[in-house]
Structures are given as C-alpha cells and as structure tokens.
Amino acid sequence: MIPTHPLLQRCALGLWFLGLGALGLLRWWMRYSRDAQVFSDMVMHVWLWGSLGLVAVGAVWTACAFATHRRHRDTR
C-alpha cells in the first residue's frame, strides 16, 4: 500500500470544495455563454453565488491546511 502524504490528507476536503465550486462555475459559464439573459434567472444566481461560496470555503480550508502543515513541520 502506498503511504499518502499528510498534507494531502489535511487539505483533501478543501480541494474537494474547490473542485465542486469550479464545476459549478463551469456550469454557470456554459449557461451564460448559451443565453446571455442569465441575470434575470434566479436559478443561475444560485449557481453563481453558491459556486463562488464553495470556492471561497475551499480556498480558506486549503490555506489553513497549508498553514497548519507548515507550523507542524517547522516545530520538528
């Protein structure tokens, strides 16, 4: 069995949120490029703001995981 890197284990959930947010933004962009009247559609507002929220949560989570990993690595 291949051992996994502890940093990857710590930031896996953040990367998952980032991936979901990126897919949501891709979905929003596909709809926006198809018909430009997206701003009157409430469902597309939910896609856009929900995806941006997921990207923000994933970025914060991953940054905290990197900071925690760096802090633990420096004290050894």
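This text goes with the structure placed above it.
Now for a description of the structure that goes with this document. (Residues numbered from 1 in each chain as written. Predicted model: local features only at pLDDT ≥ 70, side-chain atom pairs only at ≥ 80, totals over all residues. Heavy atoms only, no water.)

### Re the overall build of the protein chain
This is how the line gets drawn: Under the DSSP-based scheme used, a helix requires at least four consecutive residues in state H or I and a strand at least two consecutive residues in state E, with every element numbered from the N terminus. Any two residues whose heavy atoms approach within 4.5 Å at even a single point are treated as in contact.
Within the protein chain, the regular secondary structure consists of 3 helices and 0 strands. Taken from the N to the C terminus, the helices and strands of the protein chain come in the order α-α-α. Contacts in the protein chain between residues far apart in sequence, at least 24 positions, make up 65% of those at least 6 positions apart.

### Concerning the side chain of threonine 62
Heads up, the rule is: Under the rule applied, a polar contact is a pair of N or O atoms within 3.5 Å (in protein, one hydrogen donor and one hydrogen acceptor; residues adjacent in sequence only if both atoms are side-chain atoms).
Positionally, threonine 62 belongs in helix H3 (residues 42-74). Only 2.8 Å separates the side chain of threonine 62 from the backbone oxygen of glycine 58, close enough to count as a polar contact.

### Concerning the environment of glycine 14
Our working rule: When a residue's accessible area, from a 1.4 Å probe over protein chains only, is under 20% of the maximum for its type it is buried; when over 50% it is exposed; and in between it is partly exposed.
By secondary structure assignment, the location of glycine 14 is in helix H2 (residues 12-34). Residue glycine 14 is classed as buried on the basis of its relative accessible area, which comes to 0%. With 40 residues separating them along the chain, glycine 14 and leucine 54 place their C-alpha atoms 9.2 Å apart.

### A short note on the packing of aromatic side chains
Applied cut-off: Here is the rule: rings of Phe, Tyr and Trp (six-membered ring for Trp) pair when centre to centre is within 6.5 Å. Planes less than 30 degrees apart are stacked, more than 60 are edge-to-face, and the remainder are tilted. A positively charged side chain is recorded as over a ring if its NZ (Lys) or CZ (Arg) lies within 6 Å of the ring centre. The angle to the ring normal must also be within 35 degrees.
Under the definition given, this model contains 5 aromatic pairs. Ring geometry for tryptophan 28 and tyrosine 32: centres 5.2 Å apart, planes at 10°, overall stacked. Residue tryptophan 28 and its partner tyrosine 32 are both found in helix H2; the two are separated by 4 residues, about one turn of the helix. Owing to a relative accessible area of 27%, tyrosine 32 belongs among the partly exposed residues under this scheme. Relative to tyrosine 32, the ring of tryptophan 29 lies with its centre 5.5 Å away and its plane at 35°, an arrangement referred to as tilted. On the criterion of helical spacing, the pair formed by tryptophan 29 and tyrosine 32 is a turn pair, its members being 3 residues apart in helix H2. Grouped by ring-pair contacts, the aromatic residues Trp16, Phe17 and Trp61 constitute a single cluster. The ring centre of tryptophan 47 lies 5.9 Å from the NZ or CZ of arginine 27, which sits over that ring.

Without other data, these values stay purely geometric and don't point to any function.
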